[in-house]
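Residue-level structure breakdown
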Amino acid sequence: MADEDGAMEPTLQPLIDQKTLRWIFVGGKGGVGKTTTSCALAIQMAKNRRSVLLISTDPAHNLSDAFNQKFGKDARLINGFDNLSAMEIDPNGSIQDLLVAGGEGVNEAMEMGGMGNMMQDLAFSIPGVDEAMSFAEVLKQVKSLSYEVIIFDTAPTGHTLRFLQFPTVMEKALAKLSQLSTQFGPMLNSVIGARGGLPGGANLDEMLQKMESLRETISEVNTQFKDADMTTFVCVCIPEFLSLYETERLIQELSGYEIDTHAIVVNQLLFPKKDSPCDQCNARRRMQKKYLEQIDELYDEFNVVKMPLLVEEVRGKEKLEKFSEMLVKPYQPPE
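Since the model is a prediction, treat every value here as computed from it, not as a measurement. (Residues numbered from 1 in each chain as written. Predicted model: local features only at pLDDT ≥ 70, side-chain atom pairs only at ≥ 80, totals over all residues. Heavy atoms only, no water.)

1. Some points on the overall build of the protein
- Looking only at helices and strands, the protein features 12 helices and 8 strands.
- Within the span of the protein, comprising 335 residues, buried residues form 50% of the whole.
- When contacts within the protein are restricted to residue pairs at least 6 apart in sequence, long-range pairs at least 24 apart make up 77% of them.
- For the protein, the exposed area adds up to about 15,900 Å²; of that, 49% sits on carbon and sulfur atoms. (Helix = DSSP H or I, 4+ residues; strand = E, 2+ residues; numbered from the N terminus. Buried < 20%, exposed > 50% of the residue type's maximum accessible area, 1.4 Å probe, protein only. Contact = heavy atoms within 4.5 Å. Areas by Shrake-Rupley, 256 points an atom, 1.4 Å probe, with all protein chains shown as cover.)

Have a look at this one:
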């Protein structure tokens, strides 16, 4: 990841070349260009991988706007690509959707077994239940094993951190459920038997096996999230105080979750021409330069990618492709 002088390469090329990567999160403060960066990174990844899935877990859902194409909760190919798909997950689903992700009939089984209220209490005691919905959708994609790389266009920082914390919390919750089921299994079998059995003729053991399967899947993904060979987080910011502050907080939190991060994309940089008569441009560039120096000092062991402020919106396949080139080839401002 370093060049011949020992400095970290100012592009995302090293990340793209890391063939073991399976999960890439892109996040930061709201309004810094996360979605544009996610889309651009996905385009570059699609040039180097067999299949790539781009997922929005942000309630604002900007993927459809970015590509000028409607996306929903099911993955669909992006127009003009044969190996790049996208989906937008609604984080406002119900907790029952999460249970269904563990196997059809689990939710009904819980209700018939008299465990509905307990499951609801358990569910809503988990921080970030809305992120749980996103994770349930992700699990479906994981089980299909149909994508080589999954890129997340995440919600603003606080939601993202809860989303990343969720696998650990859910793993513990399902382990507790398994323990309770073992304790009260005989009683539940009696209740279920008196009510004519479970939907589809399943028994309690089969239902618990599905819940255990969900727990094992979450455990596996959780392990992958903490493996720097398989997972990384790309921080996106702009050269302003609040954004830089939020980036530092995010990096500290990611370290606590044992999630790798070694790349920062700095968006909206101004490059006024020498002797430019625009006083506002020059003043803003001086401010940006101050924060860029802080970024270079704080993150000298990161790949720091510097992206220009463009004169038009980056929307549509062609503009996103052009923008994506600057992630792998450092931007050269005009003289």
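2. Side note on the packing of aromatic side chains
- As enumerated under the stated definition, the model contains 9 aromatic pairs in all.
- Ring plane angle 85° and centroid distance 5.2 Å describe the contact between tryptophan 23 and phenylalanine 225, whose orientation is recorded as edge-to-face. Taken together, the positions of tryptophan 23 in strand β1 (residues 23-27) and phenylalanine 225 in helix α9 (residues 204-225) put the pair 202 residues apart, joining distant regions of the chain.
- Both rings, one in phenylalanine 25 and one in phenylalanine 152, keep their centres 4.4 Å apart while their planes meet at 10°; by these two values the pair is stacked. Here the residue phenylalanine 25 occupies a position in strand β1, and phenylalanine 152 occupies one in strand β5 (residues 149-153), the gap between them amounting to 127 residues. (Phe/Tyr/Trp six-rings, centres within 6.5 Å; stacked < 30°, edge-to-face > 60°.)

3. Concerning helix α2 (residues 34-46)
- In a regular helix each residue adds 1.5 Å, so 13 residues correspond to 18 Å; α2 covers 18 Å between its end C-alpha atoms and thus fits that length.
- All buried positions along α2 are accounted for by Lys34, Thr35, Thr37, Ser38, Cys39, Ala40, Leu41, Ala42, Ile43, Gln44, Met45 and Ala46. (Expected span 1.5 Å × (residues − 1).)

4. A closer look at the UniProt feature "binding site: Zn(2+)" (unreviewed entry) in the protein
- Residues annotated by UniProt as "binding site: Zn(2+)" (unreviewed entry) correspond here to Cys278 and Cys281.
- Note that cysteine 278 resides in the loop between β7 (263-269) and α11 (279-298).
- Classification of cysteine 278 by relative accessible area gives partly exposed; the value is 25%.
- If you trace the backbone, cysteine 281 turns up in helix α11.
- In contact with cysteine 281, other than residues within four places in its own chain, are Leu270 and Pro272. (UniProt positions renumbered as here; feature names shortened; annotations may be inferred.)

5. Comments concerning the sheet that holds strand β8 (residues 303-308)
- If you walk across this open sheet you meet the 8 strands as β3-β4-β2-β5-β1-β6-β7-β8, and the pairing is mixed. In this open sheet, the two strands that pair with only one neighbour each are β3 (76-77) and β8.
- Of the strand pairs in this sheet, strand β2 (residues 52-56) and β5 are connected by 5 bridges, and their pairing is parallel. Residue pairing in the sheet places valine 52 in a bridge with valine 149 of β5.
- Strand contacts of α2: β1, β2, β4 (84-88), β5, β6 (231-237) and β7, with the helix running at about 170° to β5, the strand carrying the most contacts.
- Each of β6, β7 and β8 touches α11; the most contacted strand, β7, lies at about 175° to it. (Pairing = 2+ DSSP bridges. Axes fitted to C-alpha atoms, helices over the stretch in contact; angles between N-to-C directions.)

6. Concerning the packing of α2 against helix α12 (residues 317-328)
- The geometry of α2 relative to α12 is characterised by a closest axis approach of 8 Å and an angle of 80° between their N-to-C directions. For the element pair α2 / α12, the angle class is roughly perpendicular. Together, Thr36, Thr37, Cys39, Ala40, Leu41, Ile43 and Gln44 of α2 and Leu320, Glu321, Phe323, Ser324, Glu325, Leu327 and Val328 of α12 make up the contact between the two elements.
- Looking at the contact of α2 with α12 residue by residue, the class counts come to 8 nonpolar, 4 polar and 2 charged. (Parallel < 35°, antiparallel > 145°, perpendicular 65-115°, else oblique. Nonpolar A, V, L, I, M, F, W, Y, C, P; charged D, E, K, R; others polar.)

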